[in-house]
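Observations on the three-dimensional arrangement
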Amino acid sequence: MVLALTVCGIVVALVVVGLFLFGLRRRLIQRSGGTFDCSLRWDVAEQSDVNGKGWSYGIARYNGDRIEWFRVFSYALRPRRVLERSRIEVAGRRLPEGEEELALLSDAVILACVHRGTRLELAMSEDALTGFLAWLEAAPPGQRVNVA
């Protein structure tokens, strides 16, 4: 009985520590400011797939002329993807359809983009989208930015 209680206590302690580390990591990412919730689907086909597969929930952070994207369910302190402002081409926007509505946040708008020849989709709130497009258009003179 004592062994079972000890094992249960250790398991509960590990779960609490794990949750604490998730929260601490998110705080460290958001510490510098300029973050927003953003789901990402990388390397999508020409014709968008609305079955909801391939989306990863994450946090995006503005860092100079780059967007750093972090997975939410990870302990890594480095971004999973880095998108350079001068290499992002916006191909269009749409609302989630079909099973995508279940896979994404309720107020998400999907932005289809091309980054260095790779097609990707970003899903974010309307407010975050407004800020993202303003950030893209605010590129320094001489940089090529394509916003559809």
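Residues numbered from 1 in each chain as written. Predicted model: local features only at pLDDT ≥ 70, side-chain atom pairs only at ≥ 80, totals over all residues. Heavy atoms only, no water.

1. Regarding helix α3 (residues 126-137)
Between its first and last C-alpha atoms α3 spans 17 Å; for 12 residues at 1.5 Å apiece the expected length is 16 Å, and the two agree. Contact partners of the buried residues in α3: β1 (35-37), β3 (58-63), β4 (66-71), β6 (88-94), β7 (108-115) and β8 (118-125). (Helix = DSSP H or I, 4+ residues; strand = E, 2+ residues; numbered from the N terminus. Expected span 1.5 Å × (residues − 1). Contact = heavy atoms within 4.5 Å.)

2. Structural notes on helix α1 (residues 2-30)
Taking 1.5 Å as the rise per residue, α1 with 29 residues should run 42 Å; its terminal C-alpha atoms sit 42 Å apart, in good agreement. Residues Gly18, Arg25 and Ile29 constitute the buried set of α1. Structurally, α1 contributes buried residues whose contacts are with β1, β3 and β4. (Buried < 20%, exposed > 50% of the residue type's maximum accessible area, 1.4 Å probe, protein only.)

3. Comments concerning the UniProt feature "transmembrane region" (unreviewed entry) in the chain
Mapped onto this numbering, the UniProt entry gives "transmembrane region" (unreviewed entry) at residues 6-24. Spanning residues 6-24, this segment combines 100% helix with 0% strand, and its end C-alpha atoms are found 27 Å apart. (UniProt positions renumbered as here; feature names shortened; annotations may be inferred.)

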